[in-house]
Amino acid sequence: MTERHLSFPASEEDVRELRAGDSVLVDGHIIGIRDRTQIRIFDEGIAPPLDLTGAFLLHTAPNVRKVGEGAYEKLCIGTTTSARMVRFTEPLGREYGVRAICGKGGLPDEAIEPMQRLGMVYFAIVGGAAALETTQIEEIEEVYWEELMPECLWKFRVKDFGPLTVAIDSHGTSLYHDVQESARKKLEALYERL
Amino acid sequence: MLRLRPARRQGRREEGEELMAVATDLQKAVEDAAAHLYVWALKDIPQDLRDALAEAAGTETSVPGQRVLQTILRNVEVAEEERNLVCQDTGIPVYYCRVGEHFPLHPARIYEALHDGTERATVEHPLRSNTVHTLTRENTGQNVGHRVPIVHWDFVADWDGLDVKCVPKGSGSENMSFLKMCVPADGVAGIKRFVLDSIVGAGGKPCPPGIVGVGIGGSADYAMHLAKEAIARPVGTRNPDPLVAQLEDELKELLNETGIGPMGLGGDVTVLQCHVEHADTHMTLNPVAVNYQCWAARRATAHISSGGAVDYDREA
């Protein structure tokens, strides 16, 4: 397990260097996205109005204050549960070249194969640690699809965003899978004690 | 005996007007308290919870688990320094009311006050509104709507006060709620097994390590109500029934042996606490409900006197 700094957008090579368990701090640009945003892209077939090549996607719906036309000030920005959005993983990588998905609670095992094939990672953030996360977001630079508020497409500029844990890497390892497998074995022993 | 019922109450005119004035002030006091509680709960987590998180950081041995706990502790500090919300999920507003028999404002008006206070806090702060129509998914805009806020009632004889506890409940943990109608032959072992399976199945989704609320007995709906009541208790308190308290201790120990760990990344601390509430049940029923509360287990209470004096209490 190593501590790394990585800037986004990133290349496939950058992402392939990451291993499950690594701790990462992220700089550069990250894109906020959520259920309704992805339903629009994939179920309604509307292409996102910004380039997602090499992108870092954050599962979020921020608390913001409107300060002008299309301009928002951050109030409190945190992260939501990723598992609900797992089915978008493969097309995000294949059609749009997304490199990283960041959220809380993990993605089910169906994300492991596409992440390995397409060169993507899942970063685990600490759910609920929004006060800290907000201080690491320098600015809300762009907002698209405001009618989906707060589930718009957000472009944030970040500095030292994290620490994030590489929980699913591009080499077929998922900490969530490993933890579940080990917990299921422990359960068998625990049942004996009930 | 005449009780204060502000609207459309028969009575001598002068007396009615005076009573209305008192009631309106009291309703305003409850509304102000609700508005304050909602924001306060979101920003300043109770000391018992802070202690439990610090204790967890003291025992966790896994590297990712320790990283998560240190981040949580830093986040609680940053929320205080920046006067920001601990978590961005402002939750679905839930209130627990204990209404004294002689409290001079009818629960119908108390409900109005809680509704209006929630709405005001959402607009004035402003807070993210999470409340949507359950079919159209349209956001109602102010964290209030049809039957929202959700209010639970208890009534207390020979008392003239009102306690209001605000529990903004995050969806990540609420989505990890489970009910099983065990049969009597499943016994206590069946209850324990269901709780274990639920928490392992939930993995990292409900933001562990949190508080596992378990409701047993009663009926299907009541078991879940009890599970929710259990998560709203001060962290680490024990059920007054020694048998139930023993179950709480056993479940906490068993759950922490699953290895799910902080944020489901593996580790020693899967839960901070397990609280169990129980009700007697039908001889053929053995319901067990699990309601999870994330590590950001927010709650805040106000004690309101019949004269409208408000005493805020973070630890109740």
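Draft legend 1. Structural context of the overall build of chain A. Assigned secondary structure in chain A consists of six helices and nine strands. By the compact-globule yardstick of 16 Å for 194 residues, chain A fits well, its C-alpha radius of gyration being 17 Å. Projecting the C-alpha coordinates of chain A onto the three principal axes gives extents of approximately 60 × 35 × 35 Å. Per-residue burial for chain A yields a buried fraction of 61% across its 194 residues. Across chain A, contacts joining residues at least 24 apart in sequence account for 67% of those joining residues at least 6 apart.

Draft legend 2. Spatial organisation of the sheet that holds strand 8 (residues 300–304) of chain B. Residues and elements named next belong to chain B. With mixed pairing, five strands are arranged side by side in an open sheet as 2-1-3-8-9. Looking along the sheet, the strands with just one partner apiece sit at the ends: strand 2 (150–156) and strand 9 (310–313). Here the average twist between neighbouring strands, direction ignored, is 15 degrees. The pairing of strand 1 (residues 92–100) with strand 3 (residues 162–169) spans eight bridges and is classified as antiparallel. Counted as the bridge partner of I92 is K169 from strand 3. Packed on one face of the sheet, helix 7 (residues 220–231) meets strand 1, strand 2 and strand 3 and runs near 95 degrees to strand 3.

Draft legend 3. Examining the sheet that holds strand 4 (residues 177–182) of chain B more closely. All names here are of chain B. Spatially, the four strands line up as an open sheet ordered 4-7-5-6, and their pairing is mixed. Of all the strands in the sheet, the pair left with one neighbour each is strand 4 and strand 6 (271–281). Neighbour-to-neighbour, the strand axes of this sheet turn through a mean angle of 15 degrees, independent of strand direction. Sheet contacts for helix 6 (residues 187–202): strand 4, strand 5 (210–218), strand 6 and strand 7 (286–293); angle to strand 7, the most-contacted strand, approximately 30 degrees.

Draft legend 4. Representation of the interface of chain B and chain A. With 44 residues of chain B at the interface, the matching set in chain A holds 49 residues. Taking both partners together, chain B and chain A bury about 3,800 Å²; carbon and sulfur atoms supply 61% of that area. Our count for the contact surface shared by chain B and chain A stands at two salt bridges. Inspection of the region where chain B meets chain A yields 17 residue pairs in polar contact (both at pLDDT 80 or more). Every element with two or more residues in the side of chain B that touches chain A is listed here: helix 3 (63–82), helix 6 and helix 8 (242–255) of chain B. Per-element tally for the side of chain B that touches chain A: the top contributor is helix 3 of chain B, with ten residues. Looking at the side of chain B that touches chain A residue by residue, the classes come out as 19 nonpolar, 14 polar and eleven charged.

Draft legend 5. Inspection of the nonpolar core at higher detail. Counting residues in each nonpolar core, the largest one holds 63 residues, and the members touching the most others are L57(A), Y122(A), L265(B) and W295(B). Per element, the largest residue contribution to this core is six residues, and it comes from helix 3 of chain B. Core analysis: the next-biggest nonpolar cluster, separate from the first, contains 32 residues, V39(B), F103(B), C166(B) and A302(B) among them.

Draft legend 6. Inspection of the state of the cysteines at higher detail. Evaluated as defined, the whole model comprises zero disulfides over all chains. Not engaged in a disulfide, the cysteine C76(A) finds its nearest cysteine sulfur in C87(B); these two sulfurs lie 7.1 Å apart. Taking the relative accessible area as the measure of exposure, C76(A) reaches 1% and is therefore buried. Its sulfur unpaired, C274(B) is 14 Å from the next cysteine sulfur, which belongs to C182(B). Taking the relative accessible area as the measure of exposure, C274(B) reaches 0% and is therefore buried.

Draft legend 7. Main features of the packing of helix 6 of chain B against helix 8 of chain B. Residues and elements named next belong to chain B. Running from N to C, helix 6 and helix 8 cross one another at 40 degrees; their axes reach a closest spacing of 10 Å. Comparing the axis directions of helix 6 and helix 8 gives the class oblique. In the crossing of helix 6 with helix 8, the sense of the turn from one axis to the other is right-handed. Here helix 6 contributes V188, K192, V195, L196 and I199 to the contact with helix 8, which in turn contributes L247, E250, L251, L254 and L255. Partitioned by chemical class, the residues of the contact of helix 6 with helix 8 number eight nonpolar, no polar and two charged.

Draft legend 8. Broad picture of the packing of aromatic side chains. Applying the stated criterion across every chain yields a total of eleven aromatic pairs over all chains. Geometrically, the ring pair formed by F42(A) and Y96(A) is edge-to-face, given 6.0 Å between the ring centres and 70 degrees between the ring planes. Here Y96(A) lies in helix 3 (residues 89–96) and F42(A) lies in helix 2 (residues 35–43), a separation of 54 residues in the sequence. Overall, Y96(A) belongs to the partly exposed group, its relative accessible area being 22%. Through successive ring pairs, a cluster of aromatic residues spans F8(A), F56(A), F123(A) and F161(A). Lying across the ring of W145(A), R40(A) places its NZ or CZ 5.1 Å from the centre. Looking at R193(B), its charged tip hangs above the ring of Y191(A), at a distance of 3.7 Å from the centre.

What counts as what
Residues numbered from 1 in each chain as written. Chains lettered and ligands numbered in written order. Predicted model: local features only at pLDDT ≥ 70, side-chain atom pairs only at ≥ 80, totals over all residues. Heavy atoms only, no water. Helix = DSSP H or I, 4+ residues; strand = E, 2+ residues; numbered from the N terminus. Rg over C-alpha atoms; globule rule 2.2 N^0.38 Å. Buried < 20%, exposed > 50% of the residue type's maximum accessible area, 1.4 Å probe, protein only. Contact = heavy atoms within 4.5 Å. Pairing = 2+ DSSP bridges. Axes fitted to C-alpha atoms, helices over the stretch in contact; angles between N-to-C directions. Buried area = accessible area lost by both parts, 1.4 Å probe. Salt bridge = Lys/Arg side-chain N within 4 Å of Asp/Glu carboxyl O. Polar contact = N/O pair within 3.5 Å; in protein donor to acceptor, adjacent residues only side chain to side chain. Nonpolar A, V, L, I, M, F, W, Y, C, P; charged D, E, K, R; others polar. Core = buried A, V, L, I, M, F, W, Y, C linked by side-chain atoms within 4.5 Å. Disulfide = S-S within 2.5 Å. Parallel < 35°, antiparallel > 145°, perpendicular 65-115°, else oblique. Left-handed = near helix turned anticlockwise from the far one by under 90°. Phe/Tyr/Trp six-rings, centres within 6.5 Å; stacked < 30°, edge-to-face > 60°. Lys NZ or Arg CZ within 6 Å of the ring centre and 35° of its normal.

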